[in-house]
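Listed below are the residues making up each chain.
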Amino acid sequence: MNKRRKRRAKVQYLRIGIAVFLIVLIIFGIRTAFSALKQSKDREHVDTAAAVQELTDTTALEDIASVTEEQTEETAVPLLLYPEKTDKTVSFGQEYDVKHAVLINVDDNETVAAKSSSSKMYPASLTKVMTLIVAVENTADLSERVEITYDMVASMIDMEASRAGFEPGETPTMEDVLYGMILTSGGDAALAAAEHVAGSETAFVELMNAKADELGLKCTHFTNAVGLHDPQHYSTAEDMALILEYALKNPICRIILSTEDYSYGPTEFREEPLEFKSTLFSRMYGDEMPGVKILGGKTGYTDEAGNCLETYAEIGGKTYILVLCGATTHWNAVYNTLSAYSVMCAGGEPYSPPT
């Protein structure tokens with residue numbers, strides 16, 4: 001009896017063992033199959049994600065290329081447009097003592113009159129309008145103090161160039177310097193502004209040429225901030241008109257170019273103020289001709305450039321810019337300016353100088 005029970009127990013244990021083994025085997029098989037299936041799905045997911053990412057990247061690159069191309073096209077557009085010459089555009093006649101000239105209607109972007117306006121010429125101190133632009137745009141505060149050095153003053157004395165009259169050691173504000181540069185055409189002031197802004201005149205000139213490129217000027221290159229003669233320092237009457245037009249869009253530049261006089265000092269170097277008188281308004285009032293109001297501008301002269309004069313005026317509710325270069329005398333440049341505005345813009349008579 002006992003032997004039978006023992007035998008049945010062994011058989012039962014064996015069956016249980018076999019059942020457990022089969023269960024374990026089944027579970028292992030299921031887990032292996034599930035793992036393989038998961039790996040397959042994971043690979044499929046990775047491949048799909050990679051494909052999606054590749055497509056996204058390609059689309060993004062195309063979009064970036066498209067945007068970059070659009071931005072490049074926008075960047076390539078110049079800040080100013082050259083005025084159009086129409087069938088109404090006339091030439092400056094022999095009665096005008098000029099080699100290069102242009103008169104433009106700023107509001108209508110039209111050329112009223114021209115003479116060799118796109119031919120290379122030397123701009124002399126008309127250069128200082130670009131110097132003004134670059135100095136103003138690169139100065140955070142016009143009350144910044146500017147150091148006047150011995151070399152700034154001595155170099156202009158040696159070259160017999162126009163000076164504002166600052167003394168070595170003085171520290172005028174940038175505002176003082178800019179008025180001295182434009183009103184009296186001070187070369188010492190131009191050098192002071194250049195070195196203060198860029199560390200050296202050479203570095204400042206690089207900013208001037210970069211600005212010329214930014215404006216889209218066709219034939220302008222600077223080698224100095226003063227306007228001293230150099231064969232590689234050149235522009236055109238048309239380009240100089242566009243530089244002045246751009247300057248007038250800046251309120252600070254416009255005010256300085258329109259000012260008649262300005263006082264600097266007194267300082268520890270001088271008991272009396274240094275008076276800056278506009279070389280432009282010392283030669284004209286600006287309202288000599290009926291219907292014409294000349295509001296500001298800049299004079300210039302070198303032996304190679306001749307007498308140069310650029311102005312802007314309001315006539316009949318519109319703004320005009322006139323650039324005359326190469327006159328034999330500065331008075332001829334003034335008389336020609338008054339006559340051109342009167343005859344060509346206001347429908348009046350030529351200017352008759354007092355006898």
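Preceding block: the structure.
Here is a short report on the structure shown in this document. Owing to the predicted nature of the structure, the values given are computational and were not obtained by experimental measurement.

1. Things to note about the packing of helix α2 (residues 128–137) against helix α7 (residues 237–248)
Step number 1: It is at 9 Å that the axes of α2 and α7 come closest, and there the two elements cross at 35 degrees. In the crossing of α2 with α7, the sense of the turn from one axis to the other is left-handed. From α2, V129, M130, I133 and E137 reach across to α7, where they touch I243, L244, Y246 and A247.
Step number 2: A breakdown of the residues in the contact of α2 with α7 according to their chemical character gives 7 nonpolar, no polar and 1 charged.

2. Regarding a negative patch on the surface
Step number 1: Taken together, the side chains of E260, D261, E271, E272 and E275 make up a negatively charged region of the molecular surface.
Step number 2: Among the residues examined, E275 registers a relative accessible area of 40% and is labelled partly exposed.

3. Considering the pairing of strand β7 (residues 306–315)
Step number 1: With 9 of 10 residues buried, β7 is to be regarded as a mostly interior element.
Step number 2: Two strands pair when backbone bridges link them, and strand β6 (residues 293–302) and β7 are joined in this way by 9 bridges, in the antiparallel orientation. Residue K293 lies in a different strand from β7, and its bridge partner there is E314.
Step number 3: Hairpin connection, β6 to β7: the antiparallel pair is bridged by 3 residues.

4. What about unusual backbone geometry?
Step number 1: Residues G265 and P266 are joined by a peptide bond in cis, for which omega reads 0 degrees.
Step number 2: Not every positive phi belongs to a glycine, and E160 is a case in point at roughly 55 degrees.
Step number 3: Following the sequence through the fold, E160 ends up in the loop between α3 (150–158) and α4 (174–183).
Step number 4: Owing to a relative accessible area of 75%, E160 belongs among the exposed residues under this scheme.

Quick notes on the rules
- Residues numbered from 1 in each chain as written.
- Predicted model: local features only at pLDDT ≥ 70, side-chain atom pairs only at ≥ 80, totals over all residues.
- Heavy atoms only, no water.
- Axes fitted to C-alpha atoms, helices over the stretch in contact; angles between N-to-C directions.
- Helix = DSSP H or I, 4+ residues; strand = E, 2+ residues; numbered from the N terminus.
- Left-handed = near helix turned anticlockwise from the far one by under 90°.
- Contact = heavy atoms within 4.5 Å.
- Nonpolar A, V, L, I, M, F, W, Y, C, P; charged D, E, K, R; others polar.
- Patch = residues over 30% accessible without salt bridge, like charges linked within 9 Å, V, L, I, M, F, W, Y side chains within 5 Å.
- Areas by Shrake-Rupley, 256 points an atom, 1.4 Å probe, with all protein chains shown as cover.
- Salt bridge = Lys/Arg side-chain N within 4 Å of Asp/Glu carboxyl O.
- Lys, Arg positive; Asp, Glu negative; His and termini not counted.
- Charge placed at Lys NZ, Arg CZ, Asp CG, Glu CD.
- Buried < 20%, exposed > 50% of the residue type's maximum accessible area, 1.4 Å probe, protein only.
- Pairing = 2+ DSSP bridges.

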